[in-house]
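Coordinates in review
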There are 2 protein chains.
Amino acid sequence: MAEPLRRRLPLLSLLLLAAGGLRAAERSGGSSSAMEELATEKEAEESHRQDSVSLLTFILLLTLTILTIWLFKHRRVRFLHETGLAMIYGLIVGVILRYGTPSTSGHDKPFSCSQEDRPFTTLLVNVSGKFFEYTLKGEISPGKIHNVEQNDMLRKVTFDPEVFFNILLPPIIFHAGYSLKKRHFFRNLGSILAYAFLGTAVSCFIIGNLMYGVVKLMKLVGQLSDKFYYTDCLLFGAIISATDPVTVLAIFNELHADVDLYALLFGESVLNDAVAIVLSSSIVAYQPTGENTHAFDAAAFFKSVGVFLGIFSGSFMMGAVTGVVTALVTKFTKLHCFPLLETALFFLMSWSTFLLAEACGFTGVVAVLFCGITQAHYTYNNLSVESRSRTKQLFEVLHFLAENFIFSYMGLALFTFQKHIFSPVFIIGAFVAIFLGRAAHIYPLSFLLNLGRRHKISWSFQHMMMFSGLRGAMAFALAIRDTATYSHQMMFSTTLLIVFFTVWIVGGGTTPMLSWLNIRVGVDPDQDPPPTNDSFQVLQGDGQDSARRNRTKQESAWLFRLWYSFDHNYLKPILTHSGPPLTTTLPSWCGLIARCLTSPQVYDNQEQLREEDSDFILNDGDLTVTYGDTTITANGSSGPHTATTNLDSRRTKSSSEEALERDLGAADHEVTSRGTRLVFPLEYNA
Amino acid sequence: MAEPLRRRLPLLSLLLLAAGGLRAAERSGGSSSAMEELATEKEAEESHRQDSVSLLTFILLLTLTILTIWLFKHRRVRFLHETGLAMIYGLIVGVILRYGTPSTSGHDKPFSCSQEDRPFTTLLVNVSGKFFEYTLKGEISPGKIHNVEQNDMLRKVTFDPEVFFNILLPPIIFHAGYSLKKRHFFRNLGSILAYAFLGTAVSCFIIGNLMYGVVKLMKLVGQLSDKFYYTDCLLFGAIISATDPVTVLAIFNELHADVDLYALLFGESVLNDAVAIVLSSSIVAYQPTGENTHAFDAAAFFKSVGVFLGIFSGSFMMGAVTGVVTALVTKFTKLHCFPLLETALFFLMSWSTFLLAEACGFTGVVAVLFCGITQAHYTYNNLSVESRSRTKQLFEVLHFLAENFIFSYMGLALFTFQKHIFSPVFIIGAFVAIFLGRAAHIYPLSFLLNLGRRHKISWSFQHMMMFSGLRGAMAFALAIRDTATYSHQMMFSTTLLIVFFTVWIVGGGTTPMLSWLNIRVGVDPDQDPPPTNDSFQVLQGDGQDSARRNRTKQESAWLFRLWYSFDHNYLKPILTHSGPPLTTTLPSWCGLIARCLTSPQVYDNQEQLREEDSDFILNDGDLTVTYGDTTITANGSSGPHTATTNLDSRRTKSSSEEALERDLGAADHEVTSRGTRLVFPLEYNA
């Protein structure tokens, strides 16, 4: 009957079941009145049950989604992705909850009690001799007091927005970083960085300005009933610039579409999520001083730019550092004998990145992304074979559940969110703006990049990238984070519609678009382009190879090559069991340190490999078969092969470049998630 | 500076980061006073950071524990188990937090505001024109108002007690059910049930009565400063009767100690957790009517017994039903082609058991236990090979993290819990009582059981069981659930000490005790006793076999055999891809239904197996090698072998009994977690 005792964390508290704690606290009243106590306890229990039911709703939704996805995959239906499906089911349940449940207004009446100064965080209220403890939830603007009374069931299925940022996004983002296809990612790194940083900034700025025009127009027509500042428009630009082409990428993966296009799209979407998060916090941090609080202020602007750079580099550092620490720990202990311990450690360290970044005031989600990349690049090589599959599978499941949960929640939110403001002018304006923003970002940037690229980004690729600018989980999470004001509510509703539209219409049109644009599908990522780019042939070191080297040199920028040789010669040997021995790469006066840091396995691996060549291949094949569609190779031993003949002659620049070729060819043996494929150990033909 | 805004969910809220939601709510005040708004936001951010730091503390503790465990395992140190270690680290951090951080008293003053009737759940307080929302946390007894002012940092690391019940225990308990060694468990089912049900009840009653004597004594001596009822004593008996011999079992596993003893101990501890939970809720539900609220009342007593039976059977049903539903879904869809979907579905269904039980007013933890057992018995057979390892590994990691978290929290709680009441008399009394309670439960029950058992429980086994009555996570979670009153606080402090003592002293003494009692170690669970009890030999169906059958007949009770043949003939074929085809076990008039329900694989498996005999063995071996210490066999096909020659002649009672033998022998091929071992497919010698 009575209003449940918790307000803001309704569903959540189920996850953590605060109810019992409450019950315990209520019991503390002692035996003064057993009947009354019992009544309160029953109330708490009732509320606890309702929480369970709401969470069950979501679980059943997800279960239904999984079963339907299976059916779709089984029948090879490609026009609707699982996320789109999750949204549809969410929508249906949302409609049922909205129109099928009676609207109950809360029992709690505002209770006025004048008091000076700032509010206390805890209130002890004396009710007929008994003390009750109250906690401050936050301020409510006077006009919204009656919003407190709302539909009970609808509030039950409403999550605290921060859950998205702190529970659901981290596994999604970490998985993206951890499963990055390194080879093609690094080959296109320059372009990806340009799209992600410059592109997102351009897109944000253009959308923000266009939307400001729309808002001005709305004010003229009289369609705007509350304030809508320029900073709000920019924030909208940042929110909506986070692309999430999950549908397109899934189809690419299934059809084996062009790998470079895949790398460009995936890399851009992963990094631009990070950029969009930091960009939106910088815009929120833009607080001009003085009277005119929403006009341009140079000082505040540069402070925002500083905030952007600070948060981004700080989060990057945090992620990289915890990744490096994990790599060192897994390298210097023999933890790989106990895969369970290793997996648990890996999980804890990756989680601690998030907390560390949050504790230092950086952005946890961004830190987690770079932690994932570092873990995949270094730690992964040190893990035991079992832990490799365990960690990948663990994060794969978490990612899958979190992603589908967010999308079904999105469907639900369209009907259960209570403060929607749908403004047709704003929505149409937003659709036009994101189209123009995407165009102004892809085509000019591609033109500029093509000036420097040998392997040009073709027109069809550009059109495909333009088309694939889907919005998804990140835009939603950013938009729902703050829905307190009129402008933010309008932005949230619009974002929701944009996500629906792009996931359903654009996502469904991917396959026709691919064939219309004549983009090759069904290509083996390793045969392609050029055909010589194959880890097997790289090792032959003949004329073809030097031609390839030239090409790669041109493609990869000077800075990147510098980083690569540093990484290959120093970081990899220090952090992993692979790479050339440090004794050969470090100057001779560092001999002692080099010997301490070099893993004995670097030498061991070579001999072992020479002895068990055929064995190794067999094992490899078996593993590939066993793990279905994830190729796992004993890759901890793929690096040291450079040092077979003469350990000391390798410390030349050309050797590290050779290794660059080889690694670019070999890197994605380590982290690949495509079809079954037999991997030849590199040493075999040497 | 200021008191953080959330009180009861401090650390938790980090898990879900309520802070942001709060920030959003605060922002809703509009632009009335930007500076003040900024101040509140900074406060929330500060509190969010502190939360991150506290959670980081726990993660670092766990990381440290993992590294030390590795060192211990590496050096084969057995006197200290990982859980004991986690407690030690927790203790150290607790001491540092307690004595190393400055004690800050809260800023919140009790604010009296008289008001009639029952308290509102939400309070809107008007502070100089601005409205603030407060939520009811619960009642506080007048004497404890000043307890609200306490050390900030200590409160930060204090979890809501229900987290243990609703987040940490479920994966632990589910894992216990899912990894039950079915063969030895079922062979000793009668004894295990007797120990778990009768034994726990006896132990609870004896401890309760002894403690009541102790309490009376304390009252005489004047050591008791508040009320301590008989029901409190009984509750203590229920709480402390939950044994958790995790240390002993880990050592047994490592040393390969006698499998029957292992099964008895493990089975008892798994089931008696469930009994203890339900027992304690029944005791809490014991609410005599009338004036004399804490004396004996027959009506209330029988109500409590009814509550016990109701909750137990309800939870059991919930768990079994969701397990069966999952089995059916995995059987009738081809979900096994997509291991990710399958694993996600398995996870969601298992979690939904918990929520379903809680929503219906049953006990989620108990439901989850039986769900785990059902999943292992049926669903596991339908899963793809990859999903089998995925699900096992997923729950293994969750279990490991949750268990070590609880134990390190226990260490921490000894110093950070603010309401400890250590009464020497009560503590000594409790130690004596649990010793006597354990003795009064093991020896008489074993005597009675030995009357019916062919394979007697020897004296040394009884002593070992007596000795292994450790207390652990469950006792702690039950005790911390309600620490509101004086008596409950004293019970909690005593439970904590008992857990410490038993885990460290008793756990450390397991290895000496084993050798002192002359209990065999290093035995292969499948070679042992008697030597003929081997799945390989069972199939030969000669004279030895019939001797064995007699023995098994005597051992397994009539009821159990009835259940077994029902399970083998009907449930297994309906729910899984194994077992004899239903067309042979169901009466002929059910032909159509039988044909629909029987999996085509039942027939397929046979032919496939005959063709690929050698292949199968090879595969098997490979898998065993691949997954390290978990033996995985393609066991979906272990059942149908009974039906090779004449499909219709098998519908006799003796055939189902033969199968019983075979399955008792073969069952733990499916779920075993011990060393690497080559498993021969049963068909091979037929």
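Residues numbered from 1 in each chain as written. Chains lettered and ligands numbered in written order. Predicted model: local features only at pLDDT ≥ 70, side-chain atom pairs only at ≥ 80, totals over all residues. Heavy atoms only, no water.

1. Comments concerning a nonpolar patch on the surface
Residue and element names in this part refer to chain A.
- Together, Leu 210, Ile 428, Val 432, Phe 435 and Leu 436 give the surface a local cluster of nonpolar side chains, amounting to about 460 Å² of exposed area.
- Broken down by element, the nonpolar patch gets its largest block of residues, 4 residues, from helix 16 (residues 424–452).
- For Leu 436, the position within the fold is in helix 16.
- For Leu 436, a relative accessible area of 40% puts it in the partly exposed group. (Patch = residues over 30% accessible without salt bridge, like charges linked within 9 Å, V, L, I, M, F, W, Y side chains within 5 Å. Areas by Shrake-Rupley, 256 points an atom, 1.4 Å probe, with all protein chains shown as cover. Salt bridge = Lys/Arg side-chain N within 4 Å of Asp/Glu carboxyl O. Helix = DSSP H or I, 4+ residues; strand = E, 2+ residues; numbered from the N terminus. Buried < 20%, exposed > 50% of the residue type's maximum accessible area, 1.4 Å probe, protein only.)

2. Considering the packing of helix 8 (residues 189–221) of chain A against helix 16 of chain A
All names here are of chain A.
- Close contact between helix 8 and helix 16 brings their axes to 8 Å; oriented N to C, the two are set at 150°. Here helix 8 lies roughly antiparallel to helix 16, going by the angle between them. Crossing of helix 8 over helix 16 shows right-handed handedness.
- A breakdown of the residues in the contact of helix 8 with helix 16 according to their chemical character gives 22 nonpolar, 7 polar and no charged. (Axes fitted to C-alpha atoms, helices over the stretch in contact; angles between N-to-C directions. Parallel < 35°, antiparallel > 145°, perpendicular 65-115°, else oblique. Left-handed = near helix turned anticlockwise from the far one by under 90°. Nonpolar A, V, L, I, M, F, W, Y, C, P; charged D, E, K, R; others polar.)

3. A short note on the environment of Leu85(A)
Residues and elements named next belong to chain A.
- If you trace the backbone, Leu 85 turns up in helix 4 (residues 82–100).
- Judged by relative accessible area, which is 6%, Leu 85 ranks as buried.
- For the pair Leu 85 and Leu 436, spaced 351 residues apart in the sequence, the C-alpha separation amounts to 28 Å.

4. Thoughts on the packing of aromatic side chains
- Per the stated rule, a full pass over the model turns up 60 aromatic pairs over all chains.
- Taking 6.0 Å as the distance between ring centres and 20° as the angle between the ring planes, the aromatic pair formed by Phe308(B) and Phe312(B) counts as stacked. Placement of both Phe308(B) and Phe312(B) in helix 12 (residues 298–332) is noted, with a separation of 4 residues, approximately one turn of the helix. Judged on exposure class, the residue Phe308(B) and its partner Phe312(B) are both buried.
- Put simply, the rings of Phe58(A), Phe164(A), Phe405(A), Tyr409(A), Phe417(A), Phe476(A) and Phe492(A) pair up and form one aromatic cluster.
- The side chain of Lys392(A) reaches across the aromatic face of Tyr178(A), ending 4.5 Å from its centre. (Phe/Tyr/Trp six-rings, centres within 6.5 Å; stacked < 30°, edge-to-face > 60°. Lys NZ or Arg CZ within 6 Å of the ring centre and 35° of its normal.)

5. What about the confidence of the model for chain A?
Residue and element names in this part refer to chain A.
- With 66% of its residues at a pLDDT of 70 or more, chain A has an overall mean of 72.
- The low-confidence segment residues 527–555 (pLDDT under 50) makes 42 contacts with residues lying over four places distant or belonging to another chain.
- Below a pLDDT of 50 lies the segment residues 606–686, which in the model reaches 150 contacts outside its immediate sequence neighbourhood of four places, other chains included.
- Reported confidence for the predicted complex is 0.76 by ipTM and 0.77 by pTM. (pLDDT = per-residue confidence, 0-100. Contact = heavy atoms within 4.5 Å.)

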